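If you want the building blocks of each chain, they are given just below.
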Amino acid sequence: MRTDTPRAIRLKDYRPPAFLIDHVDLDVALEPARTRVRARLTVRPNPGAAADMEPLRLDGEHLELDLIRLDGKDLRLGTDYDISDVGLTIKAPPRGAFRLETVTYIDPDANKALQGLYRSRGVYCTQCEAQGYRRITYFVDRPDVLSTYRVRIEADVEQAPVLLSNGNPVERGTLDRGRRHYAIWHDPHPKPCYLFALVGGRFGSIASSFETMSGRKVDLGVYVEPGLEARAHWAMDSLKRAMRWDEQRFGREYDLDVFNIVAVSDFNLGAMENKGLNIFNDRLILASPDTATDMMFEAIESVVAHEYFHNWTGNRITCRDWFQLCLKEGLTVFRDQEFSGDERSATVQRITDVRQLRAHQFPEDAGPMAHPVRPSSYIEINNFYTATVYEKGAELVRMLRTLVGATAFRAGMDLYFTRHDGDAATIEQFLDCFALTSGRDLTQFMTWYEQAGTPQLVCSLAYDARARRAEFAVEQVLPPTPGETRKRPQHIPVKIGLVGPDGRDMPLRLDNGEAIDDGVIHVTRRRQHFTFTGLTARPVASLLRGFSAPVNLTIDRTDRDLEFLMANDSDLFNRWQAANSYATRTLVQIVAALKEGRRSSRGAAYARALGASIRDDKLEPAYRAELLKLPTQSDIAREIGRDVDTDHIHRAHRQLSRLVATTLAAELAQLYKSMSNKGAFSPDAKSAGRRALRNAVLTLLVQRGEPKDIALAVKHFESATNMTDEAHALFLLAAAGGRVRDAALERFYERWRHDHLVIDTWFAAQAISPQSDTVDRVRALTTHPLFSITTPNKVRALVGNFATMNPVQFNRPDGTGYQLVAEQVLAIDRFNPQVAARLLNCYRSWRALEPTRRRAARKALARVAAGPHLSRDVYEIVSRMLDT
Ligand SMILES: [Zn+2]
């Protein structure tokens, strides 16, 4: 491990910037290996900080300084300024405002970290969040320094006919007898430098326009690889719907004359909300029925909306410092989830979001990387773009709405926009708006932002028939997390229903006479009792309706209670939850039996209850598809919690799938038929729901492993008329192994080898196959001509999917799965630390494994830790993973 331990940055050390930069004039002359950046900054001491006598510290990395001038005078190295590999210090800047000019050179071709300005596949593109701008020019690279920008870009006409930056276009022209050209952009809205963007390259584009609620016309453009324009229409359509929705739901209107989206192939993240110029990973823009699955259509709609919504929650109001990242991300994820719920089915959206939260955020909270939604320290900020900040952050906003009510919530949002427009704000300032509009004290609620870990609610309900009352007892347990052993009780809103024998909700009346009309009880202490009165029969408790808080819940419930809720709960989320809890419970029992060498006969009652649910035609197909998806193997591992044996889980999962498929054979066959494709493809939610249900049925049928089921999957694959069905069948056949696997993979490869996005599905299908030769295959595929270790999408498709979606082969007891990923992490860390560090997160639950696997995983982690010249990113994660 490196000897110079990287330094942690702490929230409590926050100081306002000593200098402000009001305006930035950038002139960028693009050249593949030597781009010139001339920056003219209008600087002044910050009146809100004690800047007297402070030097001016500018961040800058991988820059070659050619010129530095202050108010027109050249500065001398050593006398006037010092320079290091992380920045530049001007020793005695003027006390008043001044102009600083620098000229630096950078090498976009050599930039494989994909932060700052880089060039790949001939396209120049930037990624500045969190700290990429310092790789473009010297600057005070922090979110609370906001500037207006005027940007001139110059480039070779052939190489980069399209030149884009933030804001509105001002001017363009040719130079050098038409060999070069330039474009000037102006962004009048002050923004932090992490929102700066610039793009240059060859693109095809589609154009449209949008009329805002006040009647202004906005020109919209989506730029993609030439020839793929036809695949950009869904993104454009999603953008317009998102713009309208934000006006209707939040009263927020777009504020520039143009809004552009650019899709690029090599991108570390999903997408980036740069002001007026969103840059996307092309897999989140390009879609056609042939090439994209319904899941991709849905993801595109949601991410296009997310980045657009940032225009208000992130861009116009940004974060004071990176500790407040959830201020923009949690809030914007909440907004995009609400949008998707409105555009599609709110219940199915909620189920999908909760599944994601449990799959990604709960393990984070339970592992070595556990951190509060607002962390108090970090070594590398790029490591904190996490499920906790994003997804749990969104849950906190949702809980806030539950606590203050819809009206005060909307008023609080309006107040937040009015008060802080043009500001860099904090969580305290955000919450203060809602405290004001609701009159509620949100001090205890703030604890959610400050404490890590998933609270556990231990509940019981005792019914007293004579007194016609039920005693509901609840205890909140806050498990310790690294560095935080003692925790304060949190304010947990629990939405509750008491379901009577007739399946109807009984009135909620407390013994003090209070009626709970909104169904929400407030758990604020470690232990609390609530006595419900006037209950004429024993109720079954439906707790945490709509998943009203991101917590784990335990309550003693019989199988009969779960079957009853599956059939009757008026809260559709909880009806699904009952089915999910029942399946999880059954699977855990089967695993326990396997561990003892017994054969468990569990599952028949669950299968019958499931059958009753899926026969219910009143439930929409997308919802029934969710019912049919068993908990994932990772869900079961999380439920078991310790001494996890992934082979047992895999076998239990198969066993229950087979039992369900056999028990419900007739219903499933009928459903498969009735959900078959009719008419032309449409990506809308209703049609997608039918395909989802048909594919969920096929998944179960294939688990029986009978020749006729495999033949059905082959037919499904060969006759597919859209990528949803084709990819789904490919995954099933790749998992089945044998000749059908090889044939399907070959056919898919021949058909799609020229499509760099679709071919990722071919890599993924092989990476997640539970067949025993998967490690060897994945290793061999890392040298396949279509694989590229410097392209994050390829790494995620092959290595990322293997590490996170293939629990049985990644966690092989011989450790070869762990070793394979460790090698990749070390190789990638040499040029792209951010992607390497993300990949490393797949080991986060290693302590929950049984001893043989635990030892093997530790060995792989130790190997990473011993790597020479680890990046700050990988260092921080691996050291926390190994920390005892
Ligand atoms: Zn975001």
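Described below are features of the structure shown in this document. (Residues numbered from 1 in each chain as written. Predicted model: local features only at pLDDT ≥ 70, side-chain atom pairs only at ≥ 80, totals over all residues. Heavy atoms only, no water.)

So, about the overall build of the protein chain. In terms of regular secondary structure, the protein chain is built from 27 helices and 32 strands. In terms of C-alpha radius of gyration, the protein chain reaches 28 Å, essentially the compact-globule figure of 29 Å for 884 residues. Taken over 884 residues, the protein chain has a buried fraction of 61%. Considering only contacts in the protein chain between residues 6 or more positions apart, those separated by 24 or more positions represent 71%. Working note: accessible area of the protein chain is about 34700 Å², and carbon and sulfur atoms make up 49% of it. Side chains of the protein chain give 119 positive and 113 negative charges; the mean places of these two sets differ by 4 Å. (Helix = DSSP H or I, 4+ residues; strand = E, 2+ residues; numbered from the N terminus. Rg over C-alpha atoms; globule rule 2.2 N^0.38 Å. Buried < 20%, exposed > 50% of the residue type's maximum accessible area, 1.4 Å probe, protein only. Contact = heavy atoms within 4.5 Å. Areas by Shrake-Rupley, 256 points an atom, 1.4 Å probe, with all protein chains shown as cover. Lys, Arg positive; Asp, Glu negative; His and termini not counted. Charge placed at Lys NZ, Arg CZ, Asp CG, Glu CD.)

Once that is clear, we can look at helix 20 (residues 759–767). Counting buried positions along helix 20 yields nine of nine residues, so the element is predominantly enclosed. Of the surrounding elements, those touching the buried residues of helix 20 are helix 18 (723–736), helix 19 (738–752), helix 21 (774–781) and helix 22 (792–805).

Core analysis: the largest hydrophobic core is formed by 285 residues, its most contacted members being Leu100, Tyr449, Phe532 and Tyr843. For this core, the element with the highest residue contribution is helix 10 (residues 572–595), accounting for 10 residues. Contact partners of Leu100, with chain neighbours within four places excluded, come to Ala39, Arg40, Leu41, Val43, Leu56, Leu58, Ile68, Arg69, Leu70, Leu75 and Ile90. (Core = buried A, V, L, I, M, F, W, Y, C linked by side-chain atoms within 4.5 Å.)

Attention now moves to the coordination of the zinc ion. The zinc ion binds to the protein through His306 (NE2), His310 (NE2), Glu329 (OE) and Glu329 (OE); the donor distances cover 2.0 to 2.7 Å. Around the zinc ion sit four donor atoms, and with donor-metal-donor angles ranging over 53 to 154° the site reads as irregular. Of note, the donors binding the zinc ion are all from one chain and are spaced H-x3-H-x18-E. You can see His310 sitting in the loop between helix 2 (294–309) and strand 22 (318–319) and its partner Glu329 sitting in helix 3 (residues 325–343), a full 19 residues away along the chain. Take His310 and Glu329: they sit in the same class, and that class is buried. (Donors = N, O, S within 2.8 Å, 3.2 Å for Na, K, Ca; no water. Tetrahedral: all angles 85-135°; square planar, octahedral: opposite > 155°, others 65-115°.)

Before going further, it helps to spend a moment on unusual backbone geometry. For the peptide bond that leads from Glu129 to Ala130, omega is 0°, which places it in the cis range. Along the polypeptide, Ala130 turns up in the loop between strand 11 (123–127) and strand 12 (146–156). Positive phi is not limited to glycine here, since Asp71 has a value of about 45°. Following the sequence through the fold, Asp71 ends up in the loop between strand 5 (64–70) and strand 6 (73–74). Notably, His869 is not glycine yet its phi reads approximately 50°, a positive angle.

Read across the sheet, three strands follow the order 4-8-7 without closing on themselves; strand pairing throughout is antiparallel. The open sheet has two free edges, formed respectively by strand 4 (56–59) and strand 7 (81–83), since each of these has just one partner strand. Averaged over all pairs of adjacent strands, the angle between strand axes in this sheet comes to 15°, irrespective of strand direction. By the bridge criterion, three bridges tie strand 7 to strand 8 (residues 87–90) in an arrangement that is antiparallel. Paired with Tyr81 across the strands is Ile90, a residue of strand 8. (Pairing = 2+ DSSP bridges. Axes fitted to C-alpha atoms, helices over the stretch in contact; angles between N-to-C directions.)

Before going further, it helps to spend a moment on helix 17 (residues 707–718). For helix 17, with 12 residues, the first-to-last C-alpha span of 16 Å sits near the 16 Å given by 1.5 Å per residue. Along helix 17, the positions that sit buried rather than exposed are Asp709, Ile710, Ala713, His716 and Phe717. Considered in projection along helix 17, the buried side chains sweep an arc of 115° and stay on one side of the axis. Turned more than 90 degrees away from the buried face of helix 17 sit Pro707, Lys708 and Lys715, all of them exposed. Of the surrounding elements, those touching the buried residues of helix 17 are helix 15 (665–674), helix 16 (685–703), helix 18 and helix 19. (Expected span 1.5 Å × (residues − 1). Arc of directions from axis to C-beta.)

Another aspect to go through is the sheet that holds strand 19 (residues 258–264). The five strands are arranged 17-18-19-21-20 in an open sheet whose pairing can be described as mixed. At either end of the open sheet lies a strand with only one pairing partner, and these are strand 17 (204–211) and strand 20 (271–272).

Any link to function would need more than the numbers given here.
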